[in-house]
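Spelled out, the chains give:
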Amino acid sequence: MSTPIQLRQLVKAYGDIEVIHGIDLTIDPGEFTVFVGPSGCGKSTLLRMIAGLEPITGGDLLIDGERMNDIPAARRGIAMVFQSYALYPHMNVYQNLAFGLETAKTPKPEIKERVQRAAEILQIVPLLQRKPKQLSGGQRQRVAIGRAIVREPRIFLFDEPLSNLDAELRVQMRVEIAKLHNDLGNTMIYVTHDQVEAMTMADKIVVLRSGVIEQAGAPLELYNNPKNLFVAGFIGSPKMNFLTASADGTGLKVAGNTIDVKRAVTGVATMGVRPEHITLAEGSGIKLADIRVDLVENLGGQTVVYATTTDGQPINIVLEGQRPVDLGSTVATHIDPARIHLFDAEGNVIQAG
Amino acid sequence: MTTRSLESAAPTRERVATPTVWSRIWQNDAPGYLFLLPWLIGFLGLTIGPMVTSLYLSFTDFDLLTSPDWVGASNYMRMFTNDPKFWASMRVTMFFVIFSVPLKLAFALMVAMLLNRGIRGLPLYRALFYLPSLLGASVAIAILWRQIFAGDGLVNKLLAVFDIAGPSWISNPKTSLWTLIILSIWQFGSPMIIFLAGLRQIPQDMYEAASLDGASRWRQFVKITLPLLTPVVFFNAIIQTIEAFKSFTPAFIISGGTGNPINSTLFYTLYLYQEAFAFFRMGYASALAWVLLALVGIFTAISFLSSKYWVHYDE
């Protein structure tokens, strides 16, 4: 039941304006792929091209090895969950779930059985006779997913399905969608602008910006080895700190210090360090910079320090546990040199040599 | 100390307050009522007044020259038991309502759906298609219509090109009412505008979800567009039904005020007009007017009662 998807030089243009610029991507059978990026990056457009809701301008879309460019949406074996849920307000939940099957002229008893099964999976059996307006946001979301499940598609597409839910429900539904993927094993593509959703759910994250793939890979691969400043800044929360840096052969000049990153570097413009990799304790790693503490957030499990380096660059630190940090004090920071990311003037990563 | 001063102050303030409240209301609201006054005079003098008067007159015999004679319900009795022309006009009007309203709505919906497909220059088309609704009920258009469907009219000249000798559509009792129905359908603009607004309210992703499910355009129309449009259909149906019952000018002009041929265009309102201003039977005409009002009221009430079975209101 697992289906591979291949995009080859996929292009989308509206008139003269090209919005998707030749995307190459392979999605393995059963993989949970997340398209992530800021608004306007083309992630939804790309999803809709795969779904068949947007015509493909150039390149090839292959589903299970078959070219799908000109195959209508309904015959691609795809089900999609919309951001707005797109439930039919005049039909009750049962009718909403059954609509696709009725359209496909599935026999009535089979419709009943499949709707029942989907409703059980999503725990919405008691809601079957209700109209969408009588449901909460989370329940509507389940119905929308249910409508996808009953069709037993080869591929599930999700277009920002959780963005209309409140924070708590979002976490809960996130877990449920991930579980659903484990249970069903279908290939799924999920679009979000929320990198936390991407990190927690994905087998593979595809980071998009302005219609091109910035980087694609496993979540930790993107976290540990971002290819450029954009990915480095987009993946991880709180955001990676970027400090202006320069290399003069002997060491790395950053925030008024010269630090030894234990590797030969040239052409460095920016140094990136994740807030959670910086420590205040001496003896762990090398000294990074002296900082002045501007604000401290005690989250209980973590302590977040907002600070400024001596040359005035903002820097954030996340410390595990509860740490007494004095506001306005100047403290020294340390880092494991292996955790330092270096970028050139174009923003591309300088690989550790 | 504080408590006592409050207690003693309270009644005093109330006593003083009573007149100031009234003067304040006068000061605050008088301008409002003043602005309302022209409408209020019009409403009472030109709507409510004549209505009450006509209700009274409907129970009288009144020829405008002598004072009305109270005749009780005999106008109504005569209407239902001894007036074939009343029934003839009722038949014509019902026929007109039953055919013109659904056809007009269907046509309006069809044009609205064509316009809703995102064509270029939509505002221009919208205005052009709305134009007949502005002109349609006018005397000029009715005269034009008479010319188009007359024996030597435009329609027959066109038919002559194909060697077809058309009849005089307006003087043939079999076709005369249909020319009026066509005129009514031609004025599809205002329901079309409302349909167009209704269509715009239907979220695009419902159609996308349906097309992913493989629903054909027809199935999308039947299962999504129509049900979601029912509040608008309902509104349009009621407004157009009332309009159709009240329709007067075209029939008056085309038949020269007679309702001929053979009463085939004798609209209820036309008959009412004849009774009132040709025969000066004001009492009887008033009774006719009240029966029409009751009829429209019953139609509207039935529509509202039935609406809960077929009109889908979202949220």
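Residue indices begin from 1 for each chain and proceed along its sequence in written order. Just so you know, chain letters begin at A and ligand numbers begin at 1, following the order they were written in. Note on the predicted model: pLDDT of at least 70 is required for a residue's local features to be given, and 80 or more for side-chain atom pairs to be given and counted; whole-chain, interface and lining totals, by contrast, use all residues. Values shown for side chains rest on all heavy atoms present in the structure; no hydrogens or waters enter the calculation.

A. Examining the packing of aromatic side chains more closely. Between the rings of Phe, Tyr and Trp (Trp by its six-membered ring), a pair exists once the centres lie within 6.5 Å; its type follows the angle of the planes, with under 30 degrees stacked, over 60 edge-to-face, and the other angles tilted. On inspection of all chains with the given rule, the structure shows 29 aromatic pairs over all chains. A centroid spacing of 5.7 Å and a plane angle of 40° characterise the contact between Phe158 of chain A and Tyr190 of chain A, whose relative ring orientation is tilted. Of this pair, Phe158 of chain A sits in strand E7 (residues 155-159) while Tyr190 of chain A sits in strand E8 (residues 187-192); the two residues are 32 residues apart in sequence, bridging distant segments of the chain. Here Phe248 of chain B and Tyr273 of chain B contribute two aromatic rings whose centre-to-centre distance is 5.3 Å and whose plane-to-plane angle is 50°, an arrangement assigned as tilted. In this pair, Phe248 of chain B sits in the loop between helix H10 (217-246) and helix H11 (249-254) while Tyr273 of chain B sits in helix H12 (residues 268-278), placing the two residues 25 residues apart along the sequence. For Tyr273 of chain B, a relative accessible area of 32% corresponds to the partly exposed category. An aromatic cluster is present here, built from Phe32, Phe156, Phe158 and Tyr190 of chain A joined pairwise through their rings. Geometrically, a charge over a ring is one whose NZ (Lys) or CZ (Arg) sits within 6 Å of the ring centre while staying within 35 degrees of the ring normal. Over the aromatic face of Tyr223 of chain A sits the side chain of Arg274 of chain A, whose NZ or CZ is 4.1 Å from the ring centroid. Secondary structure is summarised from DSSP: a helix means a run of H or I of at least four residues, a strand means a run of E of at least two, and numbering begins at the N terminus for each. Here the term buried applies to any residue with accessible area under 20% of the maximum for its type, exposed to any over 50%, and partly exposed to those in between, with areas from a 1.4 Å probe on protein chains only.

B. Focus on H12 of chain B. All names here are of chain B. Burial analysis of H12 places eight of its 11 residues in the buried class, the great majority of the element. Those residues of H12 not exposed but buried are Tyr268, Thr269, Leu270, Tyr271, Leu272, Gln274, Glu275 and Ala276. In this description, contact between two residues means that some pair of their heavy atoms is separated by no more than 4.5 Å. Contact partners of the buried residues in H12: helix H2 (74-81), helix H3 (84-115), H10, H11 and helix H13 (282-310). With its phi angle positive at about 50°, Phe280 sits one or two positions after the end of H12.

C. Spatial organisation of the sheet that holds strand E20 (residues 341-343) of chain A. All names here are of chain A. Judged by pairing direction, the sheet is antiparallel, and its five strands sit side by side in the order E13-E12-E11-E14-E20 without closing on themselves. Lying at the two open borders of the sheet, with one neighbouring strand each, are strand E13 (257-259) and E20. Across the sheet, the mean angle from the axis of one strand to that of its neighbour is 35°, orientation sign disregarded. One requirement defines pairing of two strands: DSSP has to find at least two bridges between them. The pairing of strand E11 (residues 241-247) with strand E14 (residues 270-273) spans four bridges and is antiparallel. In the strand pairing of E14, Thr244 is matched with Thr270. Lines fitted to C-alpha atoms define the axes here, with helix axes fitted over just the stretch in contact, and angles between the N-to-C directions of these axes take values from 0 to 180 degrees.

Worth remembering: the numbers are spatial, not functional.
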